[in-house]
Amino acid sequence: MGNRKQLLRPSCSIFEDMLALKKCQPYLSVLLLLLLSFGSRAQTKVLRGVILDAQSGERVPFASMRLEKTGYGKLSDSAGGFTFRFEQWPRDTLQITYVGFQDYALVLNDSLIQRATRDSLFIIVQLLRGRYINEVVVSRKVDFGLLLWRKIVKHKASNDRYRFQNFSYELYNKLELDLNQVNKDRIQSVKLLKPFTFILNNIDSSETHPFLPIYITETLSDYYYQRSPAKRRELILGSKTVGLDNESVSKYLGGMEQNINFYNNFIPVFDKRFVSPLSNNGSTYYRYKIVDTQYVNARRLLHLIFTPKRKGESTFEGDCWVHDTSFAIQKMTLRLDSSANINFVQEMSLIQEFTLINDTTWFLSKDKFIVSLSALGKKRMGMIGRKTTTYKNIVYNDSSVTDELRKNKLPEEVLFAENARDQPDSFWVDNRHEELNKDEKAIYKMVDTLLKMPEFHTYANVLNFIGTGYLNIGNYQIGPWYNWIYANEMQGLRLRFDLGTNRYFNKNLTLHGYLAYGFGDQTWHWEADALYLFKRHPRMSLYGIIRQDLDYGQQYYDEITSDNIFALAVRKPNIPIKFINLTEQKLEWFNEWLNGFSIMLTADHKVYNPEMNLAPIKDFANGPGNPMNGFEMAVNLRFAFLEKFFETTFFRTSLGSDYPIIDVKYTHGFPGVLGSTLTYNKFYVSISDIVKIPPLGTVYYNLFAGKTTGVQPYPFLNVAPGNETYYYDKYAFSLMNKYEYLQDQFTGFNFEHNIGNGLFRFIPLTRKLKFRQFYNVKLLWGHLSPENAAYNNNADYTFKSLNGQAYMEVGTGVDNIFRFLRVDFIWHVLPTGQDLSYIQKFGVFGSFRLSF
């Protein structure tokens, strides 16, 4: 029996197990279903990807996608991503379309499918720019696009961030420069460039147009704004400009100079102002159309596109997503219209994104500026600039902002935190708003390698020498080379050599001098000068100069001078050069305050000696001493509110001010000092400004007046500025010669209006050539006292006097010829009369201008 029990027990066990299995059947069914599901999922083919704008790198949301054979379609998500699942890889074509871009066809063939890993394939689709022009065709009675634009404009005051009394944020700014259209084989074949061919390994060929990243800068700052009274403050916490040690550049890369507001009526593009699609007068310049509606985070967004109504105007094309309740912009993309009159720019995009920082407030969270530049054409090597700015820690209408702005000494201040320009890598790792990609990381490594190469510094010095005229050799500097050779009828061939110190010699002191020899008059000429900077911000300096050379009259930093090889080629014929020798010792003290007010105190000893084609000194001898020996002291007051500068180690160039610049100068001549024989008082005042008046261009004006007392020889009076070359000088009268008109009191007015393309935009050829239109007026009222007229006019030379009359020239012409050349047509208008046959009535002048 025991054995029988042993035989039955297994049967009972099996039976019990079967019962248990039956009880577990629901759970096993679920388990089996999951296993089958996972098995099915493991065999599914997955196509994932992201759709990007090929020029800006921005993601393209809600793009339409459709498989050509099956007809199955969908939209990309709000971040430009998409996913398709297939039981088997299809042999089909995925058509991708989006307004403003060229259609894209992705062929799903064997070569593409072979790239799949574990039945999954990820692709990046880059859409090339197309035109919006065919999209905006309004034929219905109700123009819904125009109605939406009106709603946006109506609610601008409720959505513009500048509606707040104050706000602040942390700003991260990144600027990358790339070379595009790089011919790798051609560069490698140039022997001079072989030491640098390693940088070609950084070429990014993943994009539609391969590019070579060459430089990157980063800036992190705290920015503060107050509406009334208007104040702005930026504290730069970190500035990373490898190989570029320039504080003014670091300031410009911060947030103070990078503010673009799409809600404004005009948007700055380089040195021009373009009409915003959100302008109060936008409907005059743009057509609008709603092309799509989507929901993101339970909010309804309307897709609005806009295109210019006319070609050749300063307008954009582009699109935006608009919140349908608040009519706030969620994202806007502006592209430069191909017919826009702007130089060297092949493509350009401005992109801004806004984020809700509470339930109702949209605030700027990111802006991006991408521009492709090429001086020689779209298919030649050029440069791409990519600027990305992000905003964090946004605070508005808060007392903390007011407290910070109370520290301002001026309405606008840009300051550097301690060690801001020398922050370690760990600072940037901890504080960047977004991690650098592989291309950006490679740039830092490449630049660091280049800076350690002696060949790089040699090549950089040579290029700088060709471009600026100056060459650094150790602690010293030679140049400019264009002054080395010159010739004129008195000196014959003139050779000159300059030698100076640079910042490696001393960061506060610069020394300079030159020696010149004329083979015709066999005379040496020379100069020595020094500048010492006590402070840079605000500026305080001491400058001294001693020289013995020809005086070339008024010289301006942005105009051609008279003592170089270029001036020889453009002189007017049959007009003798006037030669007057000057021996001078001058000392200048300059002190500037933060509010833009400055004072210059000058002590100047000058001895003139006319050499040729002017009245000689013997005609003025009427007593003991040299009649052309003068010692004067002057005080020059200048006010330029919030003037901006581009600065190098010692010198700076004004970038102008948004306000008029006022200059007042008083000079007194002292007799008996260093042999001086003259007593006089001189008064001078001027006010000037450059005013942008979009969409009508830019206006420049300069109103000036002056007076000299006493009877003086002509070098100490005012000689009206004439021009004896065919190169246009905006400060001089084009149809007047030098030393032609003499005056002891005068008032003048210079005016020029640069219109832009003006009438040229209506002619297809001139619109395509991007010609620009301008006109100008120059006026001068002058008077010479009878005593000064009798003293200065003699048998050797006779000056003309306006005698209270007006001298007037008007001009117009064509600018931007071949992007560099300007031609002026100048007419003499006043004075009129029968005895003025000597006056040139009309002239044609040329000049070179480099501008966007």
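Here goes a summary of the coordinates provided. (Residues numbered from 1 in each chain as written. Predicted model: local features only at pLDDT ≥ 70, side-chain atom pairs only at ≥ 80, totals over all residues. Heavy atoms only, no water.)

### A short note on the side chain of Glu809
Okay, step 1: Its location among the elements puts Glu809 in strand 40 (residues 806-817).
Okay, step 2: Within the buried core, Glu809 has no salt-bridge partner, and the shortest N-O distance to an opposite charge, that of Lys778, equals 5.3 Å.
Okay, step 3: Here Ser734 takes part through its backbone nitrogen, which lies 2.9 Å from a polar atom of the side chain of Glu809. (Helix = DSSP H or I, 4+ residues; strand = E, 2+ residues; numbered from the N terminus. Buried < 20%, exposed > 50% of the residue type's maximum accessible area, 1.4 Å probe, protein only. Lys, Arg positive; Asp, Glu negative; His and termini not counted. Salt bridge = Lys/Arg side-chain N within 4 Å of Asp/Glu carboxyl O. Polar contact = N/O pair within 3.5 Å; in protein donor to acceptor, adjacent residues only side chain to side chain.)

### Remarks on the sheet that holds strand 9 (residues 211-226)
Okay, step 1: Taken in spatial order, the eleven strands line up as 13-14-15-16-17-18-19-8-9-10-20 in an open sheet, and their pairing is mixed. At either margin of the open sheet sits one strand with a lone partner, and together these are strand 13 (286-296) and strand 20 (412-416). Geometrically, the sheet is characterised by an average inter-axis angle of 15° between neighbouring strands, direction not taken into account.
Okay, step 2: The pairing of strand 14 (residues 299-308) with strand 15 (residues 316-323) spans six bridges and is classified as antiparallel. Across the sheet, Leu304 pairs through a bridge with Cys320, a residue of strand 15.
Okay, step 3: Packed onto the sheet, helix 4 (residues 144-154) meets strand 13, strand 14, strand 15 and strand 16 (329-336) and runs at close to 80° relative to strand 13. (Pairing = 2+ DSSP bridges. Axes fitted to C-alpha atoms, helices over the stretch in contact; angles between N-to-C directions. Contact = heavy atoms within 4.5 Å.)

### Let's talk about the packing of aromatic side chains
Okay, step 1: Scanning the model with the defined rule gives 53 aromatic pairs in all.
Okay, step 2: Between Tyr169 and Tyr223, the ring centres sit 5.2 Å apart and the planes meet at 15°, which makes this aromatic pair stacked. Separated by 54 residues along the polypeptide, Tyr169 in strand 8 (residues 166-180) and Tyr223 in strand 9 bring together distant segments of the chain.
Okay, step 3: Since its relative accessible area comes to 3%, Tyr169 is described here as buried. (Phe/Tyr/Trp six-rings, centres within 6.5 Å; stacked < 30°, edge-to-face > 60°.)

### Some remarks on the pairing of strand 27 (residues 539-550)
Okay, step 1: Examined bridge by bridge, strand 26 (residues 523-536) and strand 27 share ten bridges and lie antiparallel to one another. Bridged to Trp526 within strand 27 is Gln548.
Okay, step 2: Taking the residues between adjacent antiparallel strands as the criterion, strand 26 and strand 27 are bridged by two residues.
Okay, step 3: Two elements, strand 27 and strand 28 (residues 579-592), share eleven bridges in a ladder whose sense is antiparallel.

### What to know about the environment of Gly49
Okay, step 1: Checked against the element boundaries, Gly49 lands in strand 1 (residues 45-53).
Okay, step 2: A relative accessible area of 6% places Gly49 in the buried class.
Okay, step 3: Placed 76 residues apart in sequence, Gly49 and Val125 show a C-alpha to C-alpha distance of 7.2 Å.
Okay, step 4: Dropping the residues within four chain positions of it, Gly49 is found in contact with Gly80, Gly81, Phe82, Phe122 and Ile123.

### Observations concerning unusual backbone geometry
Okay, step 1: Of the consecutive residues His537 and Pro538, the connecting peptide bond is found in the cis state with omega at -5°.
Okay, step 2: Here Pro538 shows up in the loop between strand 26 and strand 27.
Okay, step 3: Pro831 follows Leu830 through a cis peptide bond whose omega is -5°.
Okay, step 4: Of note, Phe62 is a non-glycine position whose phi angle comes to about 55°, a positive value.
Okay, step 5: Counting through the fold element by element, Phe62 comes out in the loop between strand 1 and strand 2 (64-67).
Okay, step 6: Phi angles above zero are rare outside glycine, and Phe344 is one such case at about 70°.
Okay, step 7: Inspection of the secondary structure puts Phe344 in the loop between strand 16 and strand 17 (345-356).

### Some thoughts on a nonpolar patch on the surface
Okay, step 1: A grouping of Trp593, Phe597, Leu637, Phe639, Ile662, Val664 and Val685 is seen on the molecular surface, where their side chains present a nonpolar patch of about 530 Å² in accessible area.
Okay, step 2: Of all the secondary structure elements, the ones that give two or more residues to the nonpolar patch are strand 30 (629-639) and strand 33 (661-669).
Okay, step 3: Locating Ile662 in the fold gives a position in strand 33.
Okay, step 4: Ile662 gets classed as partly exposed once you look at its relative accessible area, which sits at 36%. (Patch = residues over 30% accessible without salt bridge, like charges linked within 9 Å, V, L, I, M, F, W, Y side chains within 5 Å. Areas by Shrake-Rupley, 256 points an atom, 1.4 Å probe, with all protein chains shown as cover.)

Function cannot be read off these values alone, since they describe shape.
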